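Structural description and commentary
Read off the chains here:
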Amino acid sequence: MNTRKLKKAIKRLRNLPRGRYFALYIFNKIKHFCYKYSRSTKVAYPSTIMLELTNHCNLHCTTCPREYDYGKQMDKGYIDVNQAKHVIDEVWPYLDSIGLTGMGETFLYREIEQIVDYIKSKNKGIIISLSTNAMTFDFIKSVEKVIGKVDTIQVSIDGLDGVYEQIRKNASFENLKENLKNLVNRCKGTETTIMLNMVVTKENYHQMHEMVTFSDNIGIEFLNFTLFYLSSVTDVELEYYQFYKTLPFLEELKRVDAVSANHPFVEVSNWDYKSKNEFKKCPFPWTHFYICWNGFVTPCCSKPFPKELNFGNVFENGVMGCLNSKDFTKFRELWHKNQTHQFCRKCHFIEIEPITKR
């Protein structure tokens, strides 16, 4: 557990629900462990959810599923404020955290402050995170409304300078850098932390070690590297994953370790390359449940396309009606058997062979 997660955990423990809600919270935790150790296919009320406010976006990134077949076919819109509040009403006593992000740009949703305030009115200890490309025309004005209220702002970056602009089309690296500087200054002295997230591809992997230095220079303490997710990217074949086993990539991982040692201010997190990959490695059948802007529950945040697969609509059936639906429990049966569903083909939780030499 890194420093950021530890601070959030302490904050949560200090602000657990009170009165009868504390009893509900504890009983739900017990129920969760009972389901887990009895190998049930049902789940208790979620301790964390992802609530997609919108799937509209201002960029066209080569790493984003929105730019491929599944993304082009999905319906687009914004969650209704009252519907969002209704979802929060159902689950808040049990929540430890909530992510207000999805397949779109979070700050295109103009009522975000209202949603954040509503969550805080229920329990100020619920950890709130969101993701952004930090490239909306009024980004600083928009983000100022939630600084000090949300706990983590994750900024997608995917490269530096020209590499960044090659991948994140319609974006300007100079504008991003200026926005990051302003964001860092405004978050100083607040409980809001900033994390950079880089999706590592063949085009940008050589800048991983440079990203550590960049993060330190700009004053951002947390940096995360993740992988190009192929399950939802229809134009790229499974063989792409072999790149992550090549010598140039392995050498870059060593450079990241070496540079990180010289920049102790920056905490770097990376994908687990060493452990066995299989369906049972995936946590999403059991946690981080994803609710789309139009109410549909999809299997995971990396491929949130209801037309491909969904487990019902929370606006019609409630959150728990979807999470313990017949289709979702069947999906978890496959997980217990370690039999990968067709929907999950090409997922990096399953398809990447472990990297044993670094």
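1. Thoughts on helix α10 (residues 247-261)
If you check α10, its first and last C-alpha atoms are 21 Å apart, about what 15 residues at 1.5 Å a residue would give, namely 21 Å. By the burial criterion, the buried members of α10 are F249, L250, E252, L253, V256, V259 and S260. Buried residues in α10 make contact with β7 (193-200), α9 (208-218), β8 (222-227) and β9 (267-269).

2. Remarks on the pattern of salt bridges
Applying the stated criterion to the full structure yields 19 salt bridges. We note a salt bridge from K177 to E174, for which the minimum N-O separation is 3.7 Å. Remark: E174 and K177 occur in helix α8 (residues 173-187); sequence separation between them is three residues, near one turn of the helix. K177 sits in the partly exposed class, given a relative accessible area of 23%. The class for E174 is partly exposed, based on a relative accessible area of 48%. Salt-bridge contacts for D272 lead to K281; the nearest nitrogen and oxygen are separated by 3.8 Å. Among the charged side chains, a salt-bridge network with shared partners connects K11, K120, D151 and E191.

3. A word on the packing of aromatic side chains
Per the counting criterion, the structure on display carries 24 aromatic pairs. For the ring pair F33 and Y37, a centre distance of 6.4 Å and an interplane angle of 15 degrees mean the geometry is stacked. Placement of the pair is F33 and Y37 together in helix α2 (residues 20-37), with a separation of four residues, close to one helical turn. Chaining the aromatic ring pairs together yields one cluster made of Y205, F228, Y240, Y241, F243, Y244 and F249. Sitting above the plane of the F328 ring, R332 keeps its charged end 3.9 Å from the centroid.

4. Some words on the pairing of strand β4 (residues 127-132)
Here β4 lies mainly inside the structure; five of its six residues are buried. As judged from the three bridges shared by strand β3 (residues 97-99) and β4, these two strands associate in the parallel manner. Paired with S97 across the bridge in β4 is I127. Running through helix α5 (residues 112-122), the crossover from β3 to the neighbouring parallel element β4 is right-handed. Note that β4 and strand β5 (residues 152-156) share four bridges and pair parallel. What sits directly across from L130, in β5, is I153.

The rules behind each value
- Residues numbered from 1 in each chain as written.
- Predicted model: local features only at pLDDT ≥ 70, side-chain atom pairs only at ≥ 80, totals over all residues.
- Heavy atoms only, no water.
- Helix = DSSP H or I, 4+ residues; strand = E, 2+ residues; numbered from the N terminus.
- Expected span 1.5 Å × (residues − 1).
- Buried < 20%, exposed > 50% of the residue type's maximum accessible area, 1.4 Å probe, protein only.
- Contact = heavy atoms within 4.5 Å.
- Salt bridge = Lys/Arg side-chain N within 4 Å of Asp/Glu carboxyl O.
- Phe/Tyr/Trp six-rings, centres within 6.5 Å; stacked < 30°, edge-to-face > 60°.
- Lys NZ or Arg CZ within 6 Å of the ring centre and 35° of its normal.
- Pairing = 2+ DSSP bridges.
- Right-handed = clockwise from strand over helix to strand, strands pointing away.

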